[in-house]
Amino acid sequence: MKDNTVKCPNCKEVFKVDDSVYTDIVKQVRDQQFDDELNSRIQSEKKTKELALKTAELELKNKFQIELADKQREIDVLKVKSKSDLIEEVSKKDIKIQELVSKIDKAESEKKFELQNAVSELEKQKNQLVNDVKLKEAEKENLEKSLREDFRREFDFVSKDLQLKDEEIVRLKDFKQKLSTKMVGESLEQHCEIEFNKLRPTAFPTAYFEKDNDASAGTKGDYIFKEADINGNEIMSIMFEMKNENDTTATKKKNEDFFAKLDKDRRDKGCEYAVLVSLLEADNEFYNTGIVDVSYKYEKMYVIRPQFFIQIITLLRNAGMKSLEYKAELSIMKNQNVDITNFEDKIDDFKTGFARNYDLASRQFGDAIKEIDKTMTHLQKTKDALLSSVNNLRLANNKADDLTIKKLINGNPTMKSKFNNL
């Protein structure tokens, strides 16, 4: 029979247990033994692993030190070899550097030589430009001097005319008296022709002034005036139409009734200007003030009274002479490859300004004639009106004095640039 008693090892007390409790206690004891044995084995295995790890670590360390020594030897060999290769490479580089330095020195020498040549060439060009500037300045001074002299002579001529104003007033008064009686049997055409022929030998030795007899274009004017210089270059040309109020029918004509025909005749005969010498509309103050410019209706057309016949020829002739001189200057400048695109426009502007001042003077001259028609007691007032025209002629002369090449080329970028470069 199984003994179911258990004695406590500590207190020595004996306990009585049944089978189930006993089985549990035995199981616990066995489990404890298993755990102890397991822990013992684990500790053993742990120590074995630690020992193995230390052994492996030692072996790896030894192996690494051996490999490290091998690598160090290889590195030392490579260092020796690299140093030798580097020295050789540096030597090659030094040689190449010497070659490049030599080439650079040679290139520098060549550049210095080229620079000296370029500087020498620039000096030559500079000297040439300086000479060109001096030449242009001389030409400009000559042109300015010529212009001043020409207009000085013109001004002196007008001044002389003013000194003879009393005789001119008497002559004009006498002429108007002749007109009132059909110029004592003399026609307007004959009067103009006689006035011209008086001055032809001295003032117009190379001029052509004859009746227009060519009616091939359907119509013809009264007279054609043409003048050329000694080289055959045309200075200017005028188609004249003369209209006398005594030659008309009972139906009074107006000056503008003849404008279209006169313009057609001018164009058909190749004349530059058209001038209507008219006694029509005697009471129209517009036509009694002097030289009347009607170019707003027909190009280059003027209406004058007979007393301005010689003056209009002189005015247009002087403008033509100036234009011819400017054209000659223009040709010279073109040959020198100077761009003068706006040069002719400047000339035309100058001619227009001069003609405007002359027209003002002519109108004041007409005022004087009007005063003669009113009364001889206003003679002093007439003289004052004549003298006042001197101011406009002075303005024209000032414009001539103020005319320079630099002002003529103002507004022309190409020409201005060339002078700036010079």
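Residues numbered from 1 in each chain as written. Predicted model: local features only at pLDDT ≥ 70, side-chain atom pairs only at ≥ 80, totals over all residues. Heavy atoms only, no water.

A. Inspection of the overall build of the chain at higher detail. When helices and strands are counted, the chain shows nine helices and eight strands. The buried share among the 422 residues of the chain stands at 29%. Look at the contacts in the chain between residues 6 or more apart in sequence, and 65% of them connect residues 24 or more apart. As presented, the chain carries roughly 27,900 Å² of accessible surface, and 54% of it is formed by carbon and sulfur atoms. (Helix = DSSP H or I, 4+ residues; strand = E, 2+ residues; numbered from the N terminus. Buried < 20%, exposed > 50% of the residue type's maximum accessible area, 1.4 Å probe, protein only. Contact = heavy atoms within 4.5 Å. Areas by Shrake-Rupley, 256 points an atom, 1.4 Å probe, with all protein chains shown as cover.)

B. The packing of aromatic side chains, seen in detail. As enumerated under the stated definition, the model contains eleven aromatic pairs in all. Judged by centre distance (5.2 Å) and plane angle (20°), the rings of Phe196 and Phe204 are stacked. For Phe196, a relative accessible area of 0% corresponds to the buried category. With 5.8 Å between their ring centres and 85° between their planes, Phe196 and Phe225 make a pair best called edge-to-face. One end of the pair, Phe196, is in helix H3 (residues 188–203); the other, Phe225, is in strand S4 (residues 223–228), and 29 residues separate them in sequence. Phe225 sits in the buried class, given a relative accessible area of 0%. Three or more aromatic residues joined by ring pairs form one cluster here, namely Phe196, Phe204, Phe209, Tyr223, Phe225, Phe240 and Phe309. Positioned above the aromatic ring of Tyr273, the side-chain terminus of Lys300 is 5.5 Å from the ring centre. (Phe/Tyr/Trp six-rings, centres within 6.5 Å; stacked < 30°, edge-to-face > 60°. Lys NZ or Arg CZ within 6 Å of the ring centre and 35° of its normal.)

C. Quick peek at the pattern of salt bridges. Counted by the stated rule, this structure contains 17 salt bridges. Of the charged contacts in the structure, one is a salt bridge between Lys269 and Asp212, with a shortest N-O distance of 2.6 Å. With Lys269 in the loop between helix H4 (259–268) and strand S6 (273–278) and Asp212 in the loop between strand S3 (207–211) and S4, this pair connects stretches of sequence that are 57 residues apart. With a shortest N-O distance of 3.6 Å, Glu299 and Arg267 are connected by a salt bridge. Linking Glu299 in the loop between strand S7 (292–293) and strand S8 (301–304) with Arg267 in helix H4, this pair joins segments that are 32 residues apart in sequence. (Salt bridge = Lys/Arg side-chain N within 4 Å of Asp/Glu carboxyl O.)

D. Representation of the sheet that holds S7 within the structure. Ordered by their spatial adjacency, six strands build an open sheet running S3-S4-S5-S6-S8-S7, and the pairing between neighbours is mixed. Here the strands that pair on one side only, and so sit at the sheet edges, are S3 and S7. Of the strands in this sheet, S3, S4, strand S5 (234–243) and S6 are in contact with H3, which crosses S3 at around 160°. Together, S5, S6 and S8 form the strand contacts of H4, whose direction differs from that of S5 by roughly 150°. (Pairing = 2+ DSSP bridges. Axes fitted to C-alpha atoms, helices over the stretch in contact; angles between N-to-C directions.)

E. Main features of unusual backbone geometry. With phi around 50°, Glu281 is a residue other than glycine that occupies positive phi space. Turning to its location among the elements, Glu281 is positioned in the loop between S6 and S7. Given a relative accessible area of 21%, Glu281 falls into the partly exposed group. A positive phi is found at Lys300, a non-glycine position, where the angle reads about 55°.

F. Inspection of a nonpolar patch on the surface at higher detail. A cluster of nonpolar side chains, Phe34, Leu38 and Ile42, forms an exposed patch at the surface whose accessible area comes to about 290 Å². Looking at where Leu38 falls in the secondary structure, it is placed in helix H1 (residues 19–163). (Patch = residues over 30% accessible without salt bridge, like charges linked within 9 Å, V, L, I, M, F, W, Y side chains within 5 Å.)

G. Expanded view of H4. Residues Phe259, Leu262, Asp263, Asp265 and Arg266 constitute the buried set of H4. Buried residues in H4, looked at end-on, bunch into an arc of 160°, giving them a common side. Contacts from the buried residues of H4 go to S5, S6 and S8. Looking at the residues trailing H4, positive phi occurs at Gly270, about 70°. (Arc of directions from axis to C-beta.)

H. Spotlight on the confidence of the model for the chain. Confidence in the prediction for the chain averages 77 pLDDT; 69% of positions are at 70 or higher. The spread of mean pLDDT over the elements of the chain runs between helix H2 (residues 165–180), the lowest at 58, and S8, the highest at 96. (pLDDT = per-residue confidence, 0-100.)

I. Expanded view of the pairing of S5. Of all ten residues making up S5, eight are buried, and the element is well covered by its neighbours. The hairpin formed by S4 and S5 contains five residues between the paired strands, and Gly232 there has a positive phi angle of roughly 85°.

J. How the structure looks around the environment of Ile230. Inspection of the secondary structure puts Ile230 in the loop between S4 and S5. Judged by relative accessible area, which is 85%, Ile230 ranks as exposed. Taking the C-alpha atoms as reference points, Ile230 and Thr206, separated by 24 residues in sequence, lie 8.3 Å from one another.

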